[in-house]
Amino acid sequence: MIGIGFSSSKASVERLPGWEQESWAYHGDDGKSFFGESQGQGRQYGPTFGVNDTVGCGVNFSTGCAFFTKNGVFLGNAFRELRNLKVYPSVGMKKQPPVHLSANFGQQPFMFDIDGMVKKEKDAIHSEIRSTSTANIQPPLDETALLQELIAQFLAHDGYVETARAFAEEVAAESGALENGRKTQLKKYEVEEDVEAINRQKIRAAILDGDIDKALKYTNAYYANVLQQYPQIHFKLRCRKFLEMMRRCTELSAASAKKGKATNGISDSSAVFDEEMELDEQMQDRDGCWDGDGMDTEETEASAKSNELLTEAVQYGQQLRIDYPTDENGGDKKMLDDIFSLVAYPDPKRSVHGHYLDPAGRVAVAEELNSAILVSLGKSSSAALERLYQQTEVLVNEISEEGGAGAFINVRNDFLV
């Protein structure tokens, strides 16, 4: 007499699961499935089971069904319409001293191929997504046209004028090739010359190159009021300039140290100083071309340049501290403390705040400034493709709750990467 299944927190544990309210189970002595509302009257479900058998129980919250397996064989759905339930694994049996149970919640491989089942469920969801028509959207567009519109708008929105133009030409050429035998022409995609887009791309390119001075110059020239309207962005740009100064200083220092190590290090090849080499050195000394100490000149110059850059960075940082003594006017005292700490480390990139030096940090600043400029021009701060992605993520999270169909979807990994 053994019952294996699941129950809610309200179920009594006085009797076998399946015999109490809000409990569901598969019983081994008769192979029947029981649920609380059946008042102890089960229905025939599968084979009996007992000693040395492995019974699996699974709940598919997406479909609202529960199933069981015996020794790795799927026995079919035992219960349906299980909605909005929070359930717990339950096992009940009559007291039999020599009998022992072993439970596996994933710490060991399952006998049943649960991964294969999940993959089939996922493939079914993806198939449904692929078969969904875009014809009902407004304005009506087929899937290819919709994607082309989204990409073209994204490129124009983010200021990639040349790329947008090349994309439009490629789409036009492809459309022309597909028109053979068609009664209606495919839509042509035109990209207009956008001075604003070109200006924004100049600013973006300067930031991504790490030339913050050039970015500030362009921004003040083309969009004089933006940095005043968004002081927090101006602050981030100035912080980025400090970080770029530290990056150059760190890279120069590292290059100098590496070269010094390569020059002064002892190896098998460098340990051979024969008479011919000594003679060459003496001849060079007599000719006045170079002396023994000249080997360190380049290294010394690099070290001096590194120290000069470090001094400039410290002075710029001191001015930043003066300009932003508090978190007002767009400042962020914690961020200043974090980035200023880089000066104290012999190798800032390996420090606790070394991530600030990563060039990837330029992208976030460039995006934020681009969005602010677009808003100042009366345009949307984000492209339609970005909004579509954000809305999709929110919707997928919503329908993933309680094990819904969205639980089988990962927007980034399944559709973007």
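Keep in mind the model is a prediction, meaning the values are calculated, not measured.

## Let's talk about the overall build of the protein chain
Moving on, step 1. Within the protein chain one finds 13 helices and 8 strands.
Moving on, step 2. The buried share among the 417 residues of the protein chain stands at 32%.
Moving on, step 3. Long-range contacts, defined as pairs at least 24 residues apart, comprise 53% of the intrachain contacts of the protein chain with a sequence gap of at least 6.
Moving on, step 4. Working note: accessible area of the protein chain is about 26,300 Å², and carbon and sulfur atoms make up 53% of it.

## Some words on the packing of helix H4 (residues 195-208) against helix H5 (residues 212-222)
Moving on, step 1. At a minimum axis distance of 7 Å, the contact between H4 and H5 shows a crossing angle of 160 degrees. As judged from the angle between their axes, H4 and H5 are roughly antiparallel. H4 and H5 meet at a crossing whose hand is left-handed. Residues Asn199, Lys202, Ile203, Ala206 and Ile207 of H4 lie in contact with H5, whose contacting residues are Ile212, Lys214, Ala215, Tyr218, Thr219 and Tyr222.
Moving on, step 2. Residues belonging to the contact of H4 with H5 are distributed by class as follows: 7 nonpolar, 2 polar and 2 charged.

## Examining the nonpolar core
Moving on, step 1. Counting 17 residues, the largest nonpolar core has Phe242, Leu243, Leu320, Leu336 and Ile339 as the members making the most contacts within it.
Moving on, step 2. Taken together, the elements giving at least two residues each to this core come down to helix H7 (231-264), helix H9 (297-323) and helix H10 (333-340).
Moving on, step 3. If one sorts the elements of this core by residue count, H7 sits on top with 6 residues.

## Focus on the sheet that holds strand E1 (residues 2-7)
Sheets are built from strands that pair by backbone hydrogen bonding, the pairs being arranged parallel or antiparallel.
Moving on, step 1. Across the sheet, which stays open at both edges, the 5 strands sit in the order E4-E3-E2-E1-E8 with antiparallel pairing between neighbours. Both outer strands of the open sheet, strand E4 (43-44) and strand E8 (88-93), are each paired with one neighbouring strand and no more.

## Structural notes on the pattern of salt bridges
Pairing is possible between side chains of opposite charge, provided their charged atoms come close.
Moving on, step 1. Enumeration according to the criterion identifies 18 salt bridges in this entry.
Moving on, step 2. Measuring nitrogen to oxygen at the nearest pair gives 4.0 Å for the salt bridge that ties lysine 70 to aspartate 53. Pair noted here: lysine 70 is in strand E6 (residues 65-70) and aspartate 53 is in the loop between E4 and strand E5 (55-60), with a separation of 17 residues, a long-range link.
Moving on, step 3. Judged by its relative accessible area of 18%, lysine 70 is buried.
Moving on, step 4. In this structure, arginine 165 and glutamate 162 form a salt bridge, with 3.0 Å as the shortest nitrogen-oxygen distance. Within this pair, arginine 165 and its partner glutamate 162 are both found in helix H3 (residues 161-178), separated by 3 residues, close to a single helical turn.

## Re the packing of aromatic side chains
Moving on, step 1. All told, the structure shown has 16 aromatic pairs when counted by the stated rule.
Moving on, step 2. Relative to tryptophan 24, the ring of phenylalanine 6 lies with its centre 5.3 Å away and its plane at 15 degrees, an arrangement referred to as stacked. Placement of the pair is phenylalanine 6 in strand E1 and tryptophan 24 in strand E2 (residues 23-27), with a sequence separation of 18 residues.
Moving on, step 3. We classify phenylalanine 6 as buried; its relative accessible area is 3%.
Moving on, step 4. By relative accessible area, which is 8% here, tryptophan 24 ends up buried.
Moving on, step 5. With 5.3 Å between their ring centres and 85 degrees between their planes, tyrosine 26 and tyrosine 45 make a pair best called edge-to-face. Of this pair, tyrosine 26 sits in strand E2 while tyrosine 45 sits in the loop between E4 and E5, and the two are 19 residues apart along the sequence. Tyrosine 45 matches tyrosine 26 in its accessibility class, with the two residues each being buried.
Moving on, step 6. Linked through ring pairs, Phe6, Trp24, Tyr26, Phe35, Tyr45, Phe49, Phe68 and Phe79 together constitute an aromatic cluster.
Moving on, step 7. Sitting over the face of the ring of tyrosine 218, lysine 202 holds its NZ or CZ atom 6.0 Å from the ring centroid.

## Let's talk about the sheet that holds E5
Moving on, step 1. Spatially, 3 strands are ordered E5-E6-E7 in an open sheet, and the strand pairing comes out antiparallel. Strand pairing shows two members of the sheet lacking a second neighbour, E5 and strand E7 (73-79), which therefore form its edges. In this sheet, neighbouring strand axes are inclined to one another by 25 degrees on average, regardless of whether the strands run parallel or antiparallel.
Moving on, step 2. Judged from the 6 bridges that link them, E5 and E6 form a sheet pairing that is antiparallel.

## Remarks on helix H12 (residues 384-400)
Moving on, step 1. Helix length check: H12 (17 residues) gives 24 Å between terminal C-alpha atoms against 24 Å at 1.5 Å per residue, within 8%.
Moving on, step 2. Glutamate 402 sits one or two positions beyond H12 and adopts a positive phi of about 60 degrees.

## Here we look at empty space enclosed by the protein
Moving on, step 1. Within this structure, the stated rule accounts for 1 cavity of 30 Å³ or more.
Moving on, step 2. Computed from the structure, the largest cavity encloses a volume of approximately 40 Å³.
Moving on, step 3. As for the largest cavity, its lining consists of Arg200, Ile203, Arg204, Ile207, Ala366, Leu369, Asn370 and Ile373.
Moving on, step 4. Residue composition of the lining of the largest cavity, grouped by class: 5 nonpolar, 1 polar and 2 charged.

Thresholds applied
Residues numbered from 1 in each chain as written. Predicted model: local features only at pLDDT ≥ 70, side-chain atom pairs only at ≥ 80, totals over all residues. Heavy atoms only, no water. Helix = DSSP H or I, 4+ residues; strand = E, 2+ residues; numbered from the N terminus. Buried < 20%, exposed > 50% of the residue type's maximum accessible area, 1.4 Å probe, protein only. Contact = heavy atoms within 4.5 Å. Areas by Shrake-Rupley, 256 points an atom, 1.4 Å probe, with all protein chains shown as cover. Axes fitted to C-alpha atoms, helices over the stretch in contact; angles between N-to-C directions. Parallel < 35°, antiparallel > 145°, perpendicular 65-115°, else oblique. Left-handed = near helix turned anticlockwise from the far one by under 90°. Nonpolar A, V, L, I, M, F, W, Y, C, P; charged D, E, K, R; others polar. Core = buried A, V, L, I, M, F, W, Y, C linked by side-chain atoms within 4.5 Å. Pairing = 2+ DSSP bridges. Salt bridge = Lys/Arg side-chain N within 4 Å of Asp/Glu carboxyl O. Phe/Tyr/Trp six-rings, centres within 6.5 Å; stacked < 30°, edge-to-face > 60°. Lys NZ or Arg CZ within 6 Å of the ring centre and 35° of its normal. Expected span 1.5 Å × (residues − 1). 1 Å grid on protein atoms, 1.4 Å probe; cavity = no way out; pocket = protein on both sides within 12 Å on 5 of 7 lines; lining within 4 Å. Points joined across faces, edges and corners; volume = space filled by probe spheres on them.

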